[in-house]
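If you want the building blocks of each chain, they are given just below.
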Amino acid sequence: MSHNQDWLARSRAAVWHPCTQMKRHETLPLIPIASADGMYLTDFDGNRYLDGVSSWWVNLFGHGHPAIKQAIKHQLDSLEHVMLAGFTHKPVVELSERLGRLSGLGHAFYGSDGASATEIALKMSFHYWQNVGEPGKRRFVSLEGSYHGETVGALAVTDVPLFSDTYAPLLKTGLRVPSPDARHAAGGESAADVARRAAAALENLLAKHHGEIAALIVEPLVQGAAGMVMYDPQYLTLARELCDRYQVHLIADEIAVGFGRTGALFACEQAGIKPDFLCLSKGITGGFLPLSCVLTTDDVYAAFYDDDVTRGFLHSHSYTGNALACAAALAVLDLFEQEDVISANRDKAERFTTLLQPVAAHPAVRHFRHVGMIWAFDVDTARGDFAQAFFAGMLARGCLLRPIGKTVYLMPPYIIDDTQMQLLTEAVLAELDRLAGGDGGSASPALP
Ligand SMILES: *Cc1c(COP(=O)(O)O)cnc(C)c1O
């Protein structure tokens, strides 16, 4: 037995893996990873895989970045953790101040993962309206194809039937409005036209139901789990105006797109807007430690500030504001400042887009799209098992890309170099040639 086989047998016996029908691992083996460095993961048999999806979008600067590692080691010497109720500490104060300056939202509440940030934003919005004497405002609006996490509250504003249908009886499902998905453009329409059309539908809904709506929650510019659905920033600008007009909060879930992924530090900047709640996680610690954060306004904060305990936000997680995680997040912000990541990424993205032109022109490729450091396209194939076959084929070529259904996307760490871009491009082209236009295969639903 190879080392790999030993670990994967033990993992299958003892570990219940996320987003997985475990029985599939009878035929599709797990990859036990022994170590990771920079762009590469290495398994127990010494095979290397180029991480083209930043390990589910979290490892912004690749694996084992020395500056983030050092910041965590340094923090370890003084304080690893203290409860944040009744106590505070240097990394959490500094991180909150810096995120406040960067976002214009000066009050930071922490959780441990993305879904808990969504829960916090939803509960805060609901509670705000209670506190200001509008208890009827208690429903949430989300976009078609939205994804905001998989806890019971977050799942209610998530529109991925594969994840939510089974649990429907548990969910207080919210209202849905059309996605401004640029692929919906009819003949002659621009992405901005689609955005205006979707905003008109939002306006109809808000005009009728604003008295019962607490908030609109959106993934700014890119609906990730829906398959890297991209849309025009104008939708956000219009949504902000409508939320103001109808007294509805705007929650920006930048868990996937925050920290430079769309070409600006926060995607909302590209629409020139500020949300009432900004949810951050995933890349916030560069993939080192779990941390999430909800940033909000003075107005929201003030509505909770009172002599009455129950008007306060009585919500907590044990690891709220963990000192090691905050130290990692501060190191990530340092990297953005010291290395001018946003403008370096702009040049990098331009080169990668040029390299990917043969992919865009491939006969099986539809809707090639790109924003910032995300590239995606849909594949015209009859194969029901396209996602698994492509994933497995790419692994055999030493690359990690995991399509969502028939959408292939690249979301590489920002440290990717030109040779690695070339390697990914060639592997994608070879896999498209191997798979696209194939003859069916077994149908199975898409997992991100
Ligand atoms: C990943 C993600 C979440 C959920 O984050 P978890 O850490 O997986 O709970 C929420 N919203 C968006 C947009 C995401 O991409």
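Here the structure is a predicted model, which is why all the values come from computation and not from measurement.

(A) Seen up close, the overall build of the protein chain. Counting its secondary structure elements, the protein chain contains 15 helices and 16 strands. For the protein chain, the C-alpha radius of gyration of 22 Å lies close to 22 Å, the compact-globule estimate for 448 residues. For the protein chain, the C-alpha atoms occupy an extent of roughly 65 × 60 × 45 Å along the three principal directions. Taking all 448 residues of the protein chain together, 54% fall into the buried category. As presented, the protein chain carries roughly 19400 Å² of accessible surface, and 54% of it is formed by carbon and sulfur atoms. If the 36 positive side-chain charges of the protein chain are averaged to one point and the 50 negative ones to another, these points end up 4 Å apart.

(B) Local environment of the sheet that holds strand 14 (residues 374-379). Taken together, 3 strands build an open sheet; the order of strands is 13-14-16 and the sheet is antiparallel. Each edge of the open sheet is held by one strand with a lone partner, namely strand 13 (365-371) and strand 16 (407-410). Taking the axes of each pair of neighbouring strands and ignoring which way they run, one obtains an average angle of 15 degrees across the sheet. Sheet analysis places strand 13 next to strand 14, joined by 5 bridges and oriented antiparallel.

(C) The site of the ligand, seen in detail. Surveying the vicinity of the ligand reveals the residues Trp57, Asp113, Gly114, Ala115, Tyr147, His148, Gly149, Glu219, Asp253, Ile255, Ala256 and Lys282. Ala115 has a polar backbone atom sitting 2.8 Å from an oxygen atom of the ligand. In this structure, a nitrogen atom belonging to the ligand sits 2.6 Å away from a side-chain N or O atom of Asp253. Taken by itself the ligand offers 380 Å² of open surface, and the protein chains cover 82% of this. Taken together, the residues of the shell around the ligand sort by class into 5 nonpolar, 3 polar and 4 charged.

(D) Structural detail: the UniProt feature "binding site: pyridoxal 5'-phosphate" (unreviewed entry) in the protein chain. Per the UniProt entry, the sites bearing "binding site: pyridoxal 5'-phosphate" (unreviewed entry) are Gly114, Ala115, Asp253, His317 and Ser318 in this numbering. Relative to the elements of secondary structure, Ala115 occurs in helix 5 (residues 114-131). In contact with Ala115, other than residues within four places in its own chain, are His148, Gly149, Glu150, Thr151 and Ala154. Within the fold, Asp253 resides in strand 10 (residues 249-253). Judged by its relative accessible area of 5%, Asp253 falls in the buried class. Leaving out residues up to four positions away in the same chain, Asp253 has contacts with Thr118, Tyr147, His148, Ile217, Val218, Glu219, Pro220 and Cys279. In this structure the side chain of Asp253 is engaged in a polar contact, spanning 2.7 Å, whose partner is the side chain of His148.

(E) Quick peek at the packing of helix 8 (residues 191-209) against helix 9 (residues 234-245). Packing of helix 8 against helix 9 brings their axes to within 8 Å, and their N-to-C directions diverge by 20 degrees. Relative to helix 9, the element helix 8 lies roughly parallel. Like other packed secondary-structure pairs, helix 8 and helix 9 cross with a definite hand, here right-handed. Contacts between helix 8 and helix 9 pair Ala192, Ala195, Arg196, Ala198, Ala199, Leu202, Glu203 and Leu206 from the former with Gln234, Tyr235, Leu238, Ala239, Leu242, Cys243 and Arg245 from the latter.

Rules of the game
Residues numbered from 1 in each chain as written. Predicted model: local features only at pLDDT ≥ 70, side-chain atom pairs only at ≥ 80, totals over all residues. Heavy atoms only, no water. Helix = DSSP H or I, 4+ residues; strand = E, 2+ residues; numbered from the N terminus. Rg over C-alpha atoms; globule rule 2.2 N^0.38 Å. Buried < 20%, exposed > 50% of the residue type's maximum accessible area, 1.4 Å probe, protein only. Areas by Shrake-Rupley, 256 points an atom, 1.4 Å probe, with all protein chains shown as cover. Lys, Arg positive; Asp, Glu negative; His and termini not counted. Charge placed at Lys NZ, Arg CZ, Asp CG, Glu CD. Pairing = 2+ DSSP bridges. Axes fitted to C-alpha atoms, helices over the stretch in contact; angles between N-to-C directions. Near = heavy atom within 4 Å. Polar contact = N/O pair within 3.5 Å; in protein donor to acceptor, adjacent residues only side chain to side chain. Nonpolar A, V, L, I, M, F, W, Y, C, P; charged D, E, K, R; others polar. UniProt positions renumbered as here; feature names shortened; annotations may be inferred. Contact = heavy atoms within 4.5 Å. Parallel < 35°, antiparallel > 145°, perpendicular 65-115°, else oblique. Left-handed = near helix turned anticlockwise from the far one by under 90°.

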